[in-house]
Amino acid sequence: LVVGLAGVLAAAPLSLLASFTGQPHAVGTTAPTWTEVWSDSFNGSAGQLPSSTNWFHDVGYGWTAGEVETYTSTAANSSMDGAGHLRITPIRDKRGKWTSARLESVRSDFAPPAGGKVKISARRQVPGGGQGYWPAFWAMGNTLRTGAQAWPANGELDLMENVNNQAQTSGAFHCGTETGGPCDEPNGRYGLHPLPGPASTTGFHVYSMIWDNAARTFTYQVDDVTYFIVGAAQVGDAAWNAATSHGYFLLLNVAIGGGWPGQPNKTTKSGQSMLIDYVQVATSP
């Protein structure tokens, strides 16, 4: 999800990680070793809000890509389902007004170790809903929070976006300047990954991005299958260095409407939830 502009948008062996809260997850990888540094398994009771230690609700930043929803911090729009998932649910009221939720991680220092890698992953199921639905899992350079950099120079990593329940997902890197530049804004540098049917019918998938400090690349994956790689070789050293000299924070949201999906219409279904099984950050030397 771009800030202030509309975005265009061989399975590998598993290495079991050290135990952590909730059901242990495995990180699929071609690297020899991954160590989990942060995760959330969303194992609360039905109706419980997400952990305030891990997340806060973004209700006031004003970041927009032309959507029509209002983000709230209510359980109706974001809460546990009691079955080990966080659900983010857009709702249309009787007046036709939409509400939804956007969560940001409290931590904003996710980055690879010197010369190493970081892998950011989420296992999730995309909502149905049809026209105007825009679920996303993404990361933003933390210098936007501090005001040290503006978007998109700070860097934006879209690990998963889907619009209108299409049979595909996309990943993107935003950098440089708001118009044109090394990342061809507002499009960003992006890749597409087909899904076998409407996104909401294909079940849960693991959407990941590996940031490799040594190779100076971002690698985008679905279920550990790589579909897109972008790095310094494509955008140049200046834009790459500006976007990777700091940590990132994570975001989960379901937008409604905007320049990419278009606006909802009479066929758009209210109350369709995105389900997130877990979010995980792991590093490798």
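Not measured: the values here are computed from a predicted model.

1. Section: the sheet that holds strand β19 (residues 248–256)
- Spatial strand order, β4-β10-β19-β12-β13-β14-β15: 7 strands in an open sheet with antiparallel pairing. Edge positions in the open sheet fall to β4 (55–57) and β15 (189–194), since each of these has one partner strand only. On average, each strand axis in the sheet is tilted by 15° relative to the strand beside it, whichever way the strands run.
- Relative to β19, strand β10 (residues 102–105) is paired through 3 bridges, and the arrangement is antiparallel. Pairing of Arg102 across the sheet is with Asn253, part of β19.

2. Some thoughts on the state of the cysteines
- One pass over the structure, following the stated rule, counts 1 disulfide.
- At a sulfur-sulfur separation of 2.1 Å, the disulfide partner of Cys175 is Cys183. Its torsion about the S-S bond being 100°, the disulfide of Cys175 and Cys183 is classed as right-handed.
- A residue is classified by how much of its surface remains accessible, and Cys175, at 0% relative accessible area, is buried.

3. Observations regarding helix α3 (residues 237–244)
- Inspection of α3 places Ala239, Trp240, Ala243 and Thr244 among the buried residues, and these make up the whole buried set. Mapping the buried residues of α3 onto a view down its axis gives an arc of 110°, with all of them on the same face.
- Against the buried residues of α3 lie β14 (168–174), β16 (205–212), β17 (217–222), β18 (225–231), α2 (232–235) and β19.

4. What about the packing of aromatic side chains?
- This structure, assessed with the given rule, holds 11 aromatic pairs.
- Centroid distance Trp211 to Phe218: 5.7 Å. Interplanar angle 70°. Geometry classified as edge-to-face. By the burial criterion, Trp211 is buried, and Phe218 matches it.
- Taken together, the ring pairs in this structure connect Phe173, Trp211, Phe218, Trp240 and Tyr248 into an aromatic cluster.

Rules of the game
Residues numbered from 1 in each chain as written. Predicted model: local features only at pLDDT ≥ 70, side-chain atom pairs only at ≥ 80, totals over all residues. Heavy atoms only, no water. Pairing = 2+ DSSP bridges. Helix = DSSP H or I, 4+ residues; strand = E, 2+ residues; numbered from the N terminus. Axes fitted to C-alpha atoms, helices over the stretch in contact; angles between N-to-C directions. Disulfide = S-S within 2.5 Å. Buried < 20%, exposed > 50% of the residue type's maximum accessible area, 1.4 Å probe, protein only. Arc of directions from axis to C-beta. Contact = heavy atoms within 4.5 Å. Phe/Tyr/Trp six-rings, centres within 6.5 Å; stacked < 30°, edge-to-face > 60°.

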